[in-house]
Amino acid sequence: MKKDLLSISDLTRDEIYRILETADAMREIGTRPIKKVPTLRGKTVVNLFYEPSTRTRTSFEIAEKRLSADTLNIAVSASSVQKGETLADTAMNIEAMSPDMIVIRHASSGACHLLSRICKSRIINAGDGMHEHPTQALLDAYTIRQHKPTIEGLKVAIVGDLLHSRVLRSNVLLLTKLGADVWVCGPPTLVPRGMQQLGVTVSTSVEAAIDRADVIMMLRIQQERMQGAYFPSLREYFSLFGMTSARVALAKPDVIIMHPGPMNRGVEIASDVADGPHSVILEQVANGVAVRMAVLYLLAGGVEDEVAA
Amino acid sequence: MPVVMDANRIGRTLTRIAHEILERSRGIDDLALVGIQRRGVPLARRLATMINQIQEEDGTASSAGPLATGALDITLYRDDLRRHAASAQPVVGRTDIPFSIDDKRILLVDDVLFTGRTIRAALDALIEFGRPKSIHLAVLVDRGHRELPIKADYVGKNLPTSLSQSVQVRLVETDGRDEVEIQE
Amino acid sequence: MKWLLKGGRVVDPANGRDGAFDVLIDGETIARVGRNLPVDTDTQVVELPAGIVISPGLIDMHVHLREPGQEHKETVATGTAAAVVGGFTAVACMPNTSPVNDNAGVTEYILKQARAANLARVYPIGAVSRGQNGEQLADIAELRAAGCVAVTDDGRPVATALLMRRALEYTQMFNIPVIEHCEEQSLKGDGVAHEGFHASSLGLRGIPGECESIMAQRDISLAELTGGIVHIAHMSARQTLDAVRYGKHRQVKVTCEVAPHHFILTDERLGTPTPYDTNAKMNPPLRETADRDAMLKGLADGSVDVIATDHAPHHYDEKHVEFDRAPFGITGLETAVSLCFDRLIHAGVISLPRLIELLSVNPARIIGVKGGALTEGAPADLTLLAPDLAVTVQAAAMVSKSKNTPFDGWKLRGGVAATIVGGRPVYVNAAVSGLALLSDRPAAH
């Protein structure tokens, strides 16, 4: 493993499998009466969150606590960023207290890279702007593997706001690396330029994208980011791209439906689909803890390219 | 490098240990075997099978059915993880103890007893699953050089070694054949 | 006091010279240029080492000196010091200072600071609109009288087509160009990088090339309508160059410039070697390979008129932030000549006389200043070039107040040997041997 986990591109195929297999062992810990192992005892993990996030922060915190790390949460509000110290200064201050790992969520793409250049601590990207959210993609892959014998050759359709989604970017990198047939779908106003170069099929027809799909991954429509009028109305969006039971019927009978959360029911996904038999959305949440434990554990080890890093 | 135990010898040794366990246990209803990943796990299974066979031959089969066995991975309990190792983290294996250990007599099984640190970790790990009545230890090979006050209750073979040597146990289940080899 | 430069290759495209000529300097002016000029007793002879090129002084018509108002980034003194190290005898500075150079008071202040620094010549450029607000024309006659050589709202485009039309009409009274920073602002939005594969995969908001070319098309059309002179600044997109070619074809008074980073780097730099390097963030952004190659082609085929650096110094603290929060811009004065030699001359893209047209002849013509030629009686502004000098770019060693360059550590072939302004050597490169006599020359004034 490299020093940090900033992007799925930091991981080889073997390292991805290693994380998923370690997550298997970690999941068992969550079934014990005492859900805790002493592995990271004496290690300090700082959760540095520049964006509000209940799900990801909680998931990391539980993972850290199950591994007996000492955890510290720092939540920085957007308003205090405007008038407060720079990220570089915050990083140097945290670094001065020598934590072992920093988990960072930030609204700017590449903020974790800046942190990584400043800090000796291991950095885990918990979402940077529109760039990546690698642990989400790992837990998605883990969830898929619970339902499908292998990821290779699966048709995975990712539907929604492709432009602003960090979940999309990490999932595309990971799933193509593991040999899935990845389709991405959204209104043309929300398709980033040059997506095809990432080895995916781009479609603006949700029917084509999910046709005989093994996995459907819905992306959140970030209403707060829709100020640019990317589509006329949520109603029209739902009629064109919303995941309904009628559409799910186009996919394979054993299709699984995923969503990174938080969901906008009735915008990108109908409630009966979100709560229906194909939905694995809550499993994703449960698996998040195990996958993050695996990442924390594996990153706590030595760094193969320490000299280079 | 010298092979110090071959398949035949390993088989006979395990049979002897199985007999010893039965003799000393005076009833095995509350006995359960827990193998330490990786090679302790097949050894625990073999011992359980042997014990059950001996009982059937003797007509003393337990009413509780076959002996319970489990697998314990101690990686997350190792005491060397907190040092910043230069190498990558060790692979974490599966822990699978499909029964309550409360009030059971647990027999830990491992292939080689060396410094005692693995057993220390295993005791910590096991205790988090409940409160067993007792914990005993069976190993195929005791090579000496203890660093902790730990002693095995059942030993297949005492093998005097130097610290520069290593002892490699191979089992059919994990390595394709049964043998114990000393490597320089 | 006279002195004679001997042994150099004079490249003076304006006068059709390229060869071994002597240059006789008398005080502040060029007295004679010729072969084997006679030496009288009060003439000091400076024998140049082999291989030195004598060029008319280089002129960078697009720099940000940041004074007044942002002296933590650069001052007229440090900016002109960087200029002469980079071989530039003159720079034209942009009006987006604080306060904006939209009145004679600011212009005169800049010129006063330039006289005090006494290094490169400084030609201020005034604002098109008062406060660069895009609403009302600045007092352009007053700016011109105070010494401004052009007007621009650089940093942003002239806000409306109507205002641009007025500016192109009004400036005809003074025969000065309107320099345009082409950017259709609604299309730019909050973009921070060229819209393409690299920005998409790094999750950076994109700025398409059309954001620039749409505005260039507007301005070229308005120049055609009005007969005014428009100069397209820091071109980056291939579509913009096409628009300029179209305008030139229709005899519109349009010229254009390109910065070294836009004919050398591409948006691949956003991700490698340092992901999210804020020194790869400038406006217009680094574009894709097809754009970079189009710029090289434009330099070679004559469509591009000028190489200008868009020297945009920013303090370390301002750049040491998240990519989307960092200001746009990089420094350029101290790297331009070496980059041009290495990537244009030694790479066989253009000839040395063509490079000197781009760096001296054409900028002098466009902003209507003396220079660009080694003509007898002209000010003795000369740049001595060392085409084969091995240069390693060292940001930390730069004399500019700011070190925000993406070229740090680059090894390049070709550089500046000395810079002479008004007959006075203001910079002599210690790395070039045999120039001691130049260093020893007392200041002429």
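This is a predicted model, so every value here is computed, not measured.

### Considerations on the overall build of chain C
- From N to C terminus, chain C includes 14 helices and 21 strands.
- A compact globule built from 445 residues would reach a C-alpha radius of gyration of about 22 Å, and chain C, at 21 Å, matches this within 12%.
- Principal-axis analysis of the C-alpha atoms gives chain C an extent of 65 × 50 × 40 Å.
- Within chain C, contacts between residues at least 6 apart in sequence are counted, and of these 74% link residues at least 24 apart.

### Some details on the sheet that holds strand E7 (residues 201–203) of chain A
Residue and element names in this part refer to chain A.
- The strand order across the open sheet built from five strands is E7-E6-E5-E8-E9, with neighbouring strands paired in parallel fashion. The open sheet has two edge strands with one neighbour each: E7 and strand E9 (256–258). Pairs of neighbouring strands in the sheet enclose a mean axial angle of 20°, with direction left out of account.
- Pairing between strand E6 (residues 181–185) and E7: three bridges, direction parallel.

### Focus: the domain arrangement of chain A
All names here are of chain A.
- Domain boundaries in chain A define domain 1 (8–133 + 287–299) and domain 2 (134–285).
- With centres defined by C-alpha atoms, the gap from domain 1 to domain 2 works out at 25 Å.
- On the side of domain 2, 23 residues touch domain 1, which itself brings 22 residues to the contact.
- For the side of domain 1 that touches domain 2, the secondary structure elements donating two or more residues are helix H1 (13–29), strand E4 (122–128) and helix H12 (281–299).
- Tallied by class, the residues present in the side of domain 1 that touches domain 2 amount to nine nonpolar, eight polar and five charged.

### Observations concerning the confidence of the model for chain C
- Confidence in the prediction of chain C, expressed as mean pLDDT, is 96, and 99% of residues score 70 or more.
- What the predictor reports for the complex is a pTM of 0.92 with an ipTM of 0.94.

### A few points about the interface of chain A and chain C
- Taken together, the contact between chain A and chain C spans 20 residues of the former and 17 residues of the latter.
- For the side of chain A that touches chain C, the secondary-structure elements that each account for two or more residues are helix H4 (87–96), helix H5 (111–118) and helix H7 (166–177) of chain A.
- Per-element accounting of the side of chain A that touches chain C gives the leading share, three residues, to H5 of chain A.

### Some points on H12 of chain A
Residue and element names in this part refer to chain A.
- The terminal C-alpha atoms of H12, which comprises 19 residues, lie 27 Å apart, in line with the 27 Å expected from a rise of 1.5 Å per residue.
- Within H12, the axis deviates most sharply at Asn287, by approximately 30°.
- Within H12, 14 of the 19 residues are buried, which leaves the element mostly enclosed by the surrounding structure.

### Digging into the sheet that holds strand E11 (residues 126–127) of chain C
Residue and element names in this part refer to chain C.
- In space, the six strands of this open sheet follow the order E11-E12-E13-E16-E17-E18, with parallel pairing throughout. In this open sheet, the two edge strands, each paired with only one partner strand, are E11 and strand E18 (306–307).
- Bridge count for strand E13 (residues 178–180) against strand E16 (residues 230–232) is three bridges, and the pairing is parallel. The residue of E16 that forms the bridge with Glu180 is Ile232.
- Contacts from helix H7 (residues 210–226) reach E13, E16 and strand E17 (254–258) within the one sheet, and its direction differs from that of E16 by about 160°.

Parameters and conventions
Along each chain, residues carry numbers from 1 onward, in the same order as the chain's sequence is written. Chains carry letters and ligands carry numbers; both start at the beginning, A for chains and 1 for ligands, and go up in the order they are written. Only residues with pLDDT of at least 70 are given local features in this predicted model, and only at 80 or more are side-chain atom pairs given and counted; all residues enter the totals for whole chains, interfaces and linings. Helix and strand assignments follow DSSP, with helices taken as H or I runs no shorter than four residues and strands as E runs no shorter than two, numbered in order from the N terminus. Here the globule rule reads 2.2 Å times residues to the power 0.38, and the radius of gyration is calculated from C-alpha atoms. Working definition of a contact: two residues with C-beta atoms, positioned from the backbone, lying within 7 Å. For two strands to pair, DSSP has to find at least two bridges joining them. Orientation is described by axes fitted as lines to C-alpha atoms, over the contacting stretch for helices, and by angles from 0 to 180 degrees between their N-to-C directions. Each domain's limits were defined by an automated method or a database of domain assignments. For this classification, the nonpolar set comprises Ala, Val, Leu, Ile, Met, Phe, Trp, Tyr, Cys and Pro, the charged set comprises Asp, Glu, Lys and Arg, and every other residue, Gly included, is treated as polar. The pLDDT score gives, residue by residue, the confidence of the prediction method on a 0 to 100 scale. To estimate how far a helix should extend, the number of its residues minus one is multiplied by 1.5 Å. What we call the bend at a residue is the angle made by axes fitted to the seven residues finishing there and the seven residues starting there. In this scheme every C-beta is placed from the backbone, and a residue whose C-beta has 20 or more other C-beta atoms within 10 Å is buried, one with 12 or fewer is exposed, and one in between is partly exposed.

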